[in-house]
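Examination of the molecular architecture
Single-letter residue listing:
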Amino acid sequence: MYCKEVNLLHDNLSIEGNNLCFAGYDTVELAKIYGTPLMLLDEQRIRSTMRTYKNAMEKYFGNGARPLYASKALSFVGIYQIAKEEGICTDIVSLGELYTAKKAGFPLENAFFHGNCKTDFDIEYAIENGIGYFIVDTYDELYAIDRIAREKGVSQKILLRITPGIDPHTHVAISTGKVDSKFGTAIETGQALEITEKAISLHNISLEGFHCHIGSQIFEIEPFCDAADIMLSFIDNVKSTLGYTPKLLNLGGGFGVRYVESDPVISYEENIKKIAEHINSYCEKNQLHKPVILMEPGRSIVADSGMTIYTVGSVKEIPGYKNYVAIDGGMSDNPRYALYNSSYTVLCANKMNEDPTYNCTIAGRLCESGDLIQENVSIPPVVRGDNIAVLVTGAYNYSMSSNYNRINRPLVLMLGDKIRVAINREKFEDVSRLDEFLD
Ligand SMILES: *Cc1c(COP(=O)(O)O)cnc(C)c1O
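Predicted model only: the values in this text are computed from it and were never measured.

This part takes up the packing of helix α6 (residues 120-128) against helix α7 (residues 139-151). Here α6 crosses α7 at 45°, and the two axes come no closer than 10 Å. With respect to α7, the element α6 is oriented oblique. The two elements α6 and α7 cross, and the hand of that crossing is right-handed. Of the residues in α7, those in contact with D120, I123, E124 and I127 of α6 are A144, I145, R147, I148 and A149. Its residues assigned to classes, the contact of α6 with α7 shows 6 nonpolar, no polar and 3 charged.

This paragraph deals with the nonpolar core. Membership of the largest hydrophobic core comes to 127 residues, with the highest contact counts inside it found for F61, F134 and F210. If you tally residues by element for this core, the top one is helix α9 (residues 222-242), at 9 residues. Counting contributing residues per domain, this core is built from domain 1 (13-42 + 306-431) and domain 2 (114-297), each supplying no fewer than three. Setting aside residues no more than four positions away along its own chain, F61 makes contact with A56, I272, I275, A276, I279, K290, I293 and M295.

Reported here for the largest pocket is a volume of approximately 670 Å³. Lining the largest pocket are 30 residues, with K72, V93, F183, H213 and Y396 positioned closest to its centre. Looking at the lining of the largest pocket, its residues break down into 10 nonpolar, 14 polar and 6 charged. For the lining of the largest pocket, the domains that each give at least three residues are domain 1 (13-42 + 306-431) and domain 2 (114-297). Reported here for the second largest pocket is a volume of approximately 480 Å³. Contributing to the lining of the second largest pocket are 16 residues, with S75, F76, Y398, I423 and E426 lying nearest its centre. Broken down by secondary-structure element, the contributors of at least two residues to the lining of the second largest pocket are α5 (95-103) and β21 (419-423). With 3 residues, the top contributor of residues to the lining of the second largest pocket is α5.

The omega torsion across T36 and P37 is -5°, close enough to zero to call that bond cis. Within the secondary structure layout, P37 lies in the loop between α2 (27-34) and β4 (38-42). Even without being a glycine, A23 presents a positive backbone phi close to 55°. Structurally, A23 is set in the loop between β2 (19-22) and β3 (25-26). Its relative accessible area of 22% is what places A23 among the partly exposed residues.

The strand order β1-β2-β3 describes an open sheet built from 3 strands, whose pairing is antiparallel. At either margin of the open sheet sits one strand with a lone partner, and together these are β1 (13-16) and β3. Note that β1 and β2 share 4 bridges and pair antiparallel. Within β2, the position partnered with L13 by the bridge is F22.

A separate point is the domain arrangement of the chain. Entries for the chain in the domain assignment read domain 1 (13-42 + 306-431) and domain 2 (114-297). If you average the C-alpha positions of domain 1 and of domain 2, the two centres end up 36 Å apart.

The next subject is α2. Of all the residues in α2, the buried ones are T27, V28, L30 and A31. One side of α2 holds all its buried residues, which, seen down the axis, span an arc of 160°. Seen from the buried face of α2, the exposed residues on the opposite side, beyond 90 degrees, are K32 and I33. A side-chain oxygen of the first residue of α2 lies 2.9 Å from the backbone nitrogen of V28; this N-cap is D26. Backbone geometry just downstream of α2 places G35 in the positive-phi region, at approximately 85°.

The rules behind each value
Residues numbered from 1 in each chain as written. Predicted model: local features only at pLDDT ≥ 70, side-chain atom pairs only at ≥ 80, totals over all residues. Heavy atoms only, no water. Axes fitted to C-alpha atoms, helices over the stretch in contact; angles between N-to-C directions. Helix = DSSP H or I, 4+ residues; strand = E, 2+ residues; numbered from the N terminus. Parallel < 35°, antiparallel > 145°, perpendicular 65-115°, else oblique. Left-handed = near helix turned anticlockwise from the far one by under 90°. Contact = heavy atoms within 4.5 Å. Nonpolar A, V, L, I, M, F, W, Y, C, P; charged D, E, K, R; others polar. Core = buried A, V, L, I, M, F, W, Y, C linked by side-chain atoms within 4.5 Å. Buried < 20%, exposed > 50% of the residue type's maximum accessible area, 1.4 Å probe, protein only. Domains from an automatic or database assignment. 1 Å grid on protein atoms, 1.4 Å probe; cavity = no way out; pocket = protein on both sides within 12 Å on 5 of 7 lines; lining within 4 Å. Points joined across faces, edges and corners; volume = space filled by probe spheres on them. Pairing = 2+ DSSP bridges. Arc of directions from axis to C-beta. Polar contact = N/O pair within 3.5 Å; in protein donor to acceptor, adjacent residues only side chain to side chain.

Here it is, written out as structure tokens:
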């Protein structure tokens, strides 16, 4: 029965003897060989999800539509190699991500540079390295890009980030499409039309279209359809008042991922199909020009292609209160419970056939009471040395990791036809490599 539940969450999980397997590899064996904490990635699943987006977008939106992998979800050299091999574009949000993509040989003309506070140095460096597009948030940035592009004698392609005024009812910290947002320019206030007029008038800016991103972990299609309607009407208004027709409409990321059994199962292909049908008929009905559609999946490409294995260090029972199971990682490799109370599925990887009768809180090893991975989970009774698996940790775990408490970041393995190191385990020398002796 327990075995079945596991298989239900995602089909890259299975059981061999008493052990949890991921992407066909025995996680307990891997923990023995490579040590913990250990992050595992399922190469085949990453590739097939990228292909699902690419093929479904081409098929249903037609006309040059394509996904951009939002690499803030998980950024390292190998992921840009895979994105390049799968022929998809990428989003970057910093020069660190740009540099990593460049190091991977990713063609930067297929990269889109996001963020609400790009510095002059960011803009110069990105233009010098042939960035494809900037996604522009504000006037300050628009003028800075125009000025720097002029100095360098180039015309720089941009999209304008617009806030369509949608609240997709997800957690407030990860919903970004509302008028009161630190990102983008609002349609409702008239400012979106004004900044569009300005962008068109600047000589070293080539306005290619518009962008919106309404939030993350969204399972329904309605918020995307609503956002598309608002953006398409805005584009129509831009056309009639300014005589400008954009080439591109970027609908952002945000498809939901199944972290726990109570999360719905959704098909990305089916959702893309429905959104495309909606857009196609809306354009037809209102006789609107249909731009080339872009989407920016991050979480949905890598989240369920990743998991983390830890080792139990201690079990502490407080009679009348609760039980704590402490593991050899924590908020330094997964800060999402501490930040957002995020749900995770927790298993004992080496006791997969035992009944999950023990209720406990999974605590990290960091000196912080809020350093918890999950509260109120049911696992088999565990002892020091057992392996704890936290599922669906591929997105916004490693990319949000830190060296708090001078903890070294975990090893990341890419499991495919063979096992490859994606990111080495940090060493103590790495953790202190930027420090200088005071003389
Ligand atoms: C974070 C982000 C994404 C990716 O969102 P997911 O929920 O991970 O798919 C896409 N676009 C923008 C602008 C973002 O900030």
